[in-house]
Amino acid sequence: AGMVSVEIISSFGQALTNDQVSFAFHGNVFVSSIFPSEGYGTGGTIIEMTLSNNMPKDIACGFGSVFPVHGRSSRATIACVSPTMTPPQGKIPVGAGYLHSVALSDPLVYDGIPTPKLETLFPAATSSLGGTTITIVASPFMDTALAFCRFGDQVNAATKAEMSYLGLGVEADFFEFSVPNATAWNNQTFDILHARPIMPVVFTCETSRNSPGFVSVEVGMKSADGTELDIAPTGHLMDFAFEAVPSISYATPSFGLSDGGSLVRIIGSHFSYAGRACGFGSVSPVPSTFVSSALIVCESPAHNEGTIKIELALDDAWETWTTDSAQFQYMEHASVFAVDPPNIVETGGNMVNLYGVGFASDMIESCTFGTVGPTPSRVVSTKLLECVSPASEPQRALLVYGSGRDSQFATYTSASVQVASTPTIEIAYPTRGPSNGGTRVAVVGSGLASLRTHEFVGSCTFGEKTSPADWLNIDELKSAEEVSVMRAHALEHI
């Protein structure tokens, strides 16, 4: 290295000029390292080459057959922007040399990374609260690279879930080259050692809190040496929705049977048309039907008895849920164990008590006698239901059960009552007695025997006063002439 003069001499060694034109010999250009060693094949990555010694300003970078690529040089480095590669992926030799020279440094290897393209993502919407894990498939994707994703202006790290061919029709091979140790590239031949496939990659990103609205989702890679590569401008974009956080006001009905099947209307605000899942307590979420931004309908799943919370998923992955909820009570099936009295008269109007379990005013609204119903009822407690009997045909048995606003709320079991003919009083003798009471009165009529047969409790009513009665062993009256006979018979018992 150094300065010399350039002169012309003859073939006999005689100096023909003496103009003292100078020429400088510099040391050979030698690149010791490059950083980063990977970048998108579409170009645009700033590559910094470290030189072995101080170099002049008139050097340039070379990328494969592309030379010169001008850059910004300093005493021991030169920074150049990588050009577009053809093909846009694979390994190429890189180096540096003088602008007017054909000789370059011994080449190093630079990896051209294919531009990642976002193929699909799930879910495509979530709550603006963030915290949802989004599954993203991108291809082609270098298996040694680290991934990151961007939601709008927020960049988040990505975690690889798995790597496999997903049948997306992506044809992208990563080629590694054998680079001979040479001083010039013009006539070099690079032998392909092997082809390493770059496959679609499934990875996950967690969303951050964001304002409601749509943003674009992009994917990018970090090189194996940790350099973060810019998101390639040719990458595919997909829309992602940050939704306003839904709010639950209440649910109706607020109760249901433990075996599920109730259609529950959830009232609130900011519900999503996507129809998020409903959560009932600790069981697996169930699908919902979107009606409007203020109404969603869900069918209750089977659950143990008790009061639970109804929540709505804020994403399709069921990771985040509404912060507010509605209460829902799971109840056992109502069942009837006994009835009192076991007999009613054909004209109706008898008060019938049903004894059992699971009676609730929200579920049981009426009673049914056979096929006749609904009839008035009152839930006294979870174990007692009062019913008023309707008019029915006599001399038959009827099944009595509690019925609700929905057939599923009807009592699981029933009880039987017997319908008796309406009795008729023919005679009451004597027809008078002292006001302090104590008079024994015989009552004779028709239809009394059937009441006794069906074990009606015997009693007589005098105005507003009721007193117990004793049954007499008397047959039914069959004709008017028998009245006088029966009167005499009754007198014998007074």
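Residues numbered from 1 in each chain as written. Predicted model: local features only at pLDDT ≥ 70, side-chain atom pairs only at ≥ 80, totals over all residues. Heavy atoms only, no water.

### Here we look at the environment of Gly 112
Here is step 1 of the chain: Along the polypeptide, Gly 112 turns up in strand 11 (residues 108-113).
Here is step 2 of the chain: For Gly 112, a relative accessible area of 0% corresponds to the buried category.
Here is step 3 of the chain: Separated by 71 residues in the primary sequence, Gly 112 and Gly 41 place their C-alpha atoms 4.5 Å from one another. (Helix = DSSP H or I, 4+ residues; strand = E, 2+ residues; numbered from the N terminus. Buried < 20%, exposed > 50% of the residue type's maximum accessible area, 1.4 Å probe, protein only.)

### Description of the sheet that holds strand 33 (residues 364-369)
Here is step 1 of the chain: The five strands lie next to each other as 31-38-37-33-34, forming an open sheet whose pairing is mixed. Both outer strands of the open sheet, strand 31 (343-345) and strand 34 (372-375), are each paired with one neighbouring strand and no more. Between one strand and the next, the sheet's axes are offset by a mean angle of 35°, whatever the strand orientation.
Here is step 2 of the chain: Two elements, strand 37 (residues 396-404) and strand 38 (residues 415-420), share five bridges in a ladder whose sense is antiparallel. Along strand 38, the bridge assignment pairs Leu 399 with Ser 416. (Pairing = 2+ DSSP bridges. Axes fitted to C-alpha atoms, helices over the stretch in contact; angles between N-to-C directions.)

### Looking at the nonpolar core
Here is step 1 of the chain: If you look at the biggest cluster of nonpolar residues, it comprises 18 residues, and the most contacted ones within it are Met 49 and Phe 63.
Here is step 2 of the chain: Mapped onto this core, the elements with two or more residues apiece are strand 3 (31-35), strand 5 (46-51), strand 6 (59-63), strand 9 (77-81) and strand 10 (90-98).
Here is step 3 of the chain: When residues of this core are assigned to their parent elements, the largest contribution, four residues, is made by strand 10.
Here is step 4 of the chain: Those residues in contact with Met 49, other than ones at most four positions away along the chain, are Val 31, Ser 33, Ile 34, Cys 61, Phe 63, Ala 76, Thr 77, Ile 78, Val 94, Gly 95 and Ala 96. (Core = buried A, V, L, I, M, F, W, Y, C linked by side-chain atoms within 4.5 Å. Contact = heavy atoms within 4.5 Å.)

### Topic: the confidence of the model for the protein
Here is step 1 of the chain: Scored by pLDDT, the protein comes out at a mean of 76, with 77% of its residues at no less than 70.
Here is step 2 of the chain: For the stretch residues 163-198, pLDDT sits under 50, and the model shows 86 contacts to residues farther than four places along the chain or on other chains. (pLDDT = per-residue confidence, 0-100.)

### Focus: the packing of aromatic side chains
Here is step 1 of the chain: Per the counting criterion, the structure on display carries six aromatic pairs.
Here is step 2 of the chain: An angle of 70° between the planes, with centres 6.5 Å apart, marks the rings of Phe 151 and Phe 242 as edge-to-face. Here Phe 151 is found in strand 15 (residues 146-151), whereas its partner Phe 242 is found in strand 21 (residues 238-243), with 91 residues between them in sequence. Like Phe 151, the residue Phe 242 is buried in the burial classification.
Here is step 3 of the chain: Note on Phe 328 and Tyr 330: the rings are 5.1 Å apart at their centroids and 75° apart in plane angle, and the pair reads as edge-to-face. Each member of the pair, Phe 328 as well as Tyr 330, is classed as buried.
Here is step 4 of the chain: In this structure an aromatic cluster arises from ring pairing among Phe 151, Phe 240 and Phe 242. (Phe/Tyr/Trp six-rings, centres within 6.5 Å; stacked < 30°, edge-to-face > 60°.)

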